[in-house]
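Chain and residue survey
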Amino acid sequence: MRVKSLFSTGCLNDEATKYREFGTKSNPIIKFSVWTIRMNRKIINRILHKRYRLMHDSWAYLKTSWGFVLASFLIFAVSAIAGFMLVEQLSFFDSLLADIFAKVENLSGLPLITFILYNNLLSAFFGLFLGVFLGIPSFFNLLLNGSLVGYVLARAAETHGLGLAWRLVPHGIFELPAVFIATGLGMRLGMSFFSRNWKKTLKERLIASLAVFLAIVVPLLIVAAFIEGILITLSG
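Residues numbered from 1 in each chain as written. Predicted model: local features only at pLDDT ≥ 70, side-chain atom pairs only at ≥ 80, totals over all residues. Heavy atoms only, no water.

As for the packing of aromatic side chains
Applying the stated criterion across every chain yields a total of 10 aromatic pairs. Where F73 meets F180, the ring centres are 5.5 Å apart and the plane angle is 80 degrees; that geometry is what we call edge-to-face. Of the two residues, F73 sits in helix 4 (residues 66-85) while F180 sits in helix 9 (residues 175-190), which places them 107 residues apart along the sequence. Taking 4.8 Å as the distance between ring centres and 45 degrees as the angle between the ring planes, the aromatic pair formed by F125 and F129 counts as tilted. Here F129 and F125 lie together in helix 6 (residues 109-129), a separation of four residues that amounts to about one turn. By relative accessible area, F125 is classed as partly exposed at 36%. Put simply, the rings of F125, F126, F129 and F213 touch in pairs and so form one group of aromatic residues. (Phe/Tyr/Trp six-rings, centres within 6.5 Å; stacked < 30°, edge-to-face > 60°. Helix = DSSP H or I, 4+ residues; strand = E, 2+ residues; numbered from the N terminus. Buried < 20%, exposed > 50% of the residue type's maximum accessible area, 1.4 Å probe, protein only.)

Take a look at the structure:
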């Protein structure tokens, strides 16, 4: 009955009272059980607190970076329009696309999802953290991906009409925001060198960017990989 009252009342704070009332000094099993509950509660609270702080800090930093994310979107959009309009000049993309198709040709289901996720994570990671070089790699990442998306849409429209081109849109609902965030933060990272105290600014932005990458970019890319992998598998 005393053991039951321990768990039901949650009387776990006063060690001396606990030992006197429940005889934990003479009963190592009860003592170990109480210690385990206390430790698990502390660990869970710590994890939840850290997770909350990670999400809170990530969104706070992202809000202050909206201008860079918007610039990332605009660069991508202009590149995509150029890729759509300049199909003949960008025909060298065919070899790149052929190489990608060859790698995924025999993949479906979870292996395909894993392949997509790995490549997207790699691209987003480098698009963000290579931005430390004055944001130049992030800028060219957007140019390449934007023009490639525009080129693919143009080719799809030529072959099967705009109907099929619009069917490609769901593939980017989660992936593209992750790309804009990663490359936008990459460009902001590169601008750190123009700050008065650039070493401190760079360090702070690196830490904040890593938090955003883990808390926001990675989940978006996981969802995007599952959607894209499932759609490709179902389309056969």
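Here the narrative resumes.
Some details on the side chain of N120
As for its placement among the helices and strands, N120 is situated in helix 6. When near neighbours in sequence (up to four residues on either side) are disregarded, N120 contacts E175, L221 and E228. (Contact = heavy atoms within 4.5 Å.)

Points about the packing of helix 6 against helix 9
Close contact between helix 6 and helix 9 brings their axes to 6 Å; oriented N to C, the two are set at 25 degrees. In this view, helix 6 runs roughly parallel relative to helix 9, as classed from their interaxial angle. Across from N120, A124, G127, L128 and F129 in helix 6, the residues of helix 9 making contact are E175, A182, T183, L185, G186 and L189. Looking at the contact of helix 6 with helix 9 residue by residue, the class counts come to six nonpolar, four polar and one charged. (Axes fitted to C-alpha atoms, helices over the stretch in contact; angles between N-to-C directions. Parallel < 35°, antiparallel > 145°, perpendicular 65-115°, else oblique. Nonpolar A, V, L, I, M, F, W, Y, C, P; charged D, E, K, R; others polar.)

Some remarks on the confidence of the model for the chain
The predicted coordinates of low-pLDDT regions are not to be read in fine detail. Taken over all residues, the pLDDT of the chain has a mean of 79, while the share at 70 or more is 72%. Taking the mean pLDDT of every element in the chain, the minimum, 46, falls on helix 1 (residues 2-9) and the maximum, 94, on helix 4. Here residues 1-13 is modelled with pLDDT under 50, and outside its nearest four sequence neighbours on either side it reaches 16 contacts, counting other chains as well. Low pLDDT, under 50, characterises residues 18-24; the predicted model gives this stretch 14 contacts beyond four residues in sequence or across chains. (pLDDT = per-residue confidence, 0-100.)

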